[in-house]
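# Chains, contacts and geometry: an overview
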Amino acid sequence: MGVTIDDVRALAAGLPRSYEVVVRGRVKFRVGQIVYLAFSKDETQMGFAFPKEEREAALGTYPDKFLRQKPSDMRFKWLEVRLDAIDADELRELVFDAWRMVVPKRLAALSDDELQQRAAG
């Protein structure tokens, strides 16, 4: 088990409007100016867009995977995950769902299969 930033790149590169940037030594993925994925400097953890109302449930259910944010960051729709604690299927779900939170509804309506084909293409 465990995934890497290269696994994320393989998924995110094919997503419409998604692009990679490096800000202060950290890799981030954006749609427009909105960041939907961001990595720790050592690339062992990934922050991602995530509904605030579901955050506590995820933290309580999977404390071995997800990390609590600093109190000052709790206002954001965001969650952190340990990359060594998830597999490729979980990564795909997190990346696609985070991307869906920041794109127009017509793009967000694309199925996982359609997104997977774009990532593979």
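First things first, this report covers the structure right here in the doc. Quick caveat, the model's predicted, so the values are computed rather than measured.

## Digging into the overall build of the protein chain
Within the protein chain, the secondary structure is distributed over five helices and six strands. Scanning the protein chain from its N terminus toward the C terminus, one meets helices and strands in the order α-β-β-β-β-α-β-β-α-α-α. Overall, the C-alpha framework of the protein chain stretches about 35 × 30 × 25 Å when taken along its three principal axes. The proportion of buried residues among the 121 residues of the protein chain is 43%. Intrachain contacts of the protein chain at a sequence separation of at least 6 include 48% that bridge at least 24 residues. Total accessible area on the protein chain is roughly 6,900 Å²; 50% of this is exposed by carbon and sulfur atoms. Across the protein chain, the 20 positively charged side chains and the 20 negatively charged ones have centroids separated by 10 Å.

## Here we look at the environment of Gln 117
By the secondary structure assignment, Gln 117 is in helix α5 (residues 112-120). For Gln 117, a relative accessible area of 59% gives the class exposed.

## Remarks on the packing of aromatic side chains
Scanning all chains against the criterion turns up four aromatic pairs. When the centroid spacing of 6.2 Å and the interplanar angle of 50 degrees are considered together, the rings of Phe 48 and Phe 66 count as tilted. Taken together, the residues span a long stretch of sequence, with Phe 48 in strand β4 (residues 45-49) and Phe 66 in strand β5 (residues 66-67) at a distance of 18 residues. Take Phe 48 and Phe 66: they sit in the same class, and that class is buried. Between Tyr 62 and Phe 66, the ring centres sit 6.3 Å apart and the planes meet at 70 degrees, which makes this aromatic pair edge-to-face. Among the residues examined, Phe 66 registers a relative accessible area of 10% and is labelled buried. Through successive ring pairs, a cluster of aromatic residues spans Phe 48, Phe 50, Tyr 62 and Phe 66.

## Overview of the layout of surface pockets
Empty space within the largest pocket amounts to approximately 420 Å³. For the largest pocket, the lining is made up of 15 residues, of which Gln 69, Asp 73, Phe 76, Trp 78 and Glu 80 are closest to its centre. Elements with a contribution of two residues or more to the lining of the largest pocket: β2 (26-31), β3 (34-39) and β6 (78-82). Grouping the amino acids of the lining of the largest pocket by side-chain chemistry returns seven nonpolar, one polar and seven charged. Put simply, the second largest pocket is a space of about 290 Å³.

## Here's the deal with the pattern of salt bridges
A complete count under the given rule lists seven salt bridges for this structure. The partner of Arg 9 in a salt bridge is Glu 20, and the shortest N-O contact between them spans 2.9 Å. With a gap of 11 residues between them, Arg 9 in helix α1 (residues 5-12) and Glu 20 in strand β1 (residues 18-23) connect regions that are remote in the sequence. Relative accessible area serves as the criterion here: at 26%, Arg 9 is assigned to the partly exposed category. Judged by its relative accessible area of 34%, Glu 20 is partly exposed. Note that Arg 100 is salt-bridged to Asp 97, the shortest N-O span being 3.3 Å. Here Arg 100 and its partner Asp 97 are both found in helix α3 (residues 88-100), three residues apart, which amounts to about one turn of the helix. Note on Arg 100: relative accessible area 19%, which makes it buried. Using a relative accessible area of 36% as the deciding quantity, one classes Asp 97 as partly exposed.

Rules used in this analysis
Residues numbered from 1 in each chain as written. Predicted model: local features only at pLDDT ≥ 70, side-chain atom pairs only at ≥ 80, totals over all residues. Heavy atoms only, no water. Helix = DSSP H or I, 4+ residues; strand = E, 2+ residues; numbered from the N terminus. Buried < 20%, exposed > 50% of the residue type's maximum accessible area, 1.4 Å probe, protein only. Contact = heavy atoms within 4.5 Å. Areas by Shrake-Rupley, 256 points an atom, 1.4 Å probe, with all protein chains shown as cover. Lys, Arg positive; Asp, Glu negative; His and termini not counted. Charge placed at Lys NZ, Arg CZ, Asp CG, Glu CD. Phe/Tyr/Trp six-rings, centres within 6.5 Å; stacked < 30°, edge-to-face > 60°. 1 Å grid on protein atoms, 1.4 Å probe; cavity = no way out; pocket = protein on both sides within 12 Å on 5 of 7 lines; lining within 4 Å. Points joined across faces, edges and corners; volume = space filled by probe spheres on them. Nonpolar A, V, L, I, M, F, W, Y, C, P; charged D, E, K, R; others polar. Salt bridge = Lys/Arg side-chain N within 4 Å of Asp/Glu carboxyl O.

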